[in-house]
Amino acid sequence: MTQTSGTRQGFICGSALRGQPDHQNLQSAKFIKETKTQPLYRLHAAENGWHPAIYQVGEGGISIPGEIYEMTVDQFEYLAANEPPHMYPTEVLLEDGDTATAFFYPQELIEKYNWPDISSYGGWAAYKRATAAVG
């Protein structure tokens, strides 16, 4: 993915998506495009649905939909500082073969707390829409 000096490409797939409550955490980061990952990941609802938790798997993964933003170092650091505890930045492989930085959650904590796998919903925004309609 093309990056200019001093910027990085961020893959957003949770509460900072457009239309989600934490979108302002991106500040004025430049929206690049909608995309999705290669089918290498699982998606869970952590902390009673407070935030998404993704991690890479060897098999049985899905493509997670999201958005790519170009962020300055300051914008990225602000976003990272506002992520939930335990989340860490790492590279994801996108459907077109490019990479971007996403925030993962430790799989061992997901398993420890038995947070629900929501991969079948087709993304965080779809999960939030579906659960809002129910509750």
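Residues numbered from 1 in each chain as written. Predicted model: local features only at pLDDT ≥ 70, side-chain atom pairs only at ≥ 80, totals over all residues. Heavy atoms only, no water.

Participant: Before we move on, could you go through the pairing of strand E1 (residues 7-12) and cite the residues and values that matter?
Facilitator: Burial analysis of E1 places 5 of its 6 residues in the buried class, the great majority of the element. Examined bridge by bridge, E1 and strand E5 (residues 65-72) share 6 bridges and lie antiparallel to one another. When the sheet's bridge partners are listed, Arg8 is paired in E5 with Met71. (Buried < 20%, exposed > 50% of the residue type's maximum accessible area, 1.4 Å probe, protein only. Helix = DSSP H or I, 4+ residues; strand = E, 2+ residues; numbered from the N terminus. Pairing = 2+ DSSP bridges.)

Participant: Go over unusual backbone geometry, please, and point to the residues and values.
Facilitator: Both trends apply: most residues other than glycine have a negative phi, and most peptide bonds are in trans. The residue Asn48 is not glycine, and still its phi comes out positive at about 60 degrees. In this structure, Asn48 sits in the loop between strand E3 (41-46) and strand E4 (51-56). In this structure Asn48 comes out as exposed when scored by relative accessible area, which is 80%. Positive phi is not limited to glycine here, since His86 has a value of about 80 degrees. Counting through the fold element by element, His86 comes out in the loop between helix H1 (73-81) and strand E6 (88-93). Taking relative accessible area as the criterion, His86 reaches 49% and is therefore assigned partly exposed.

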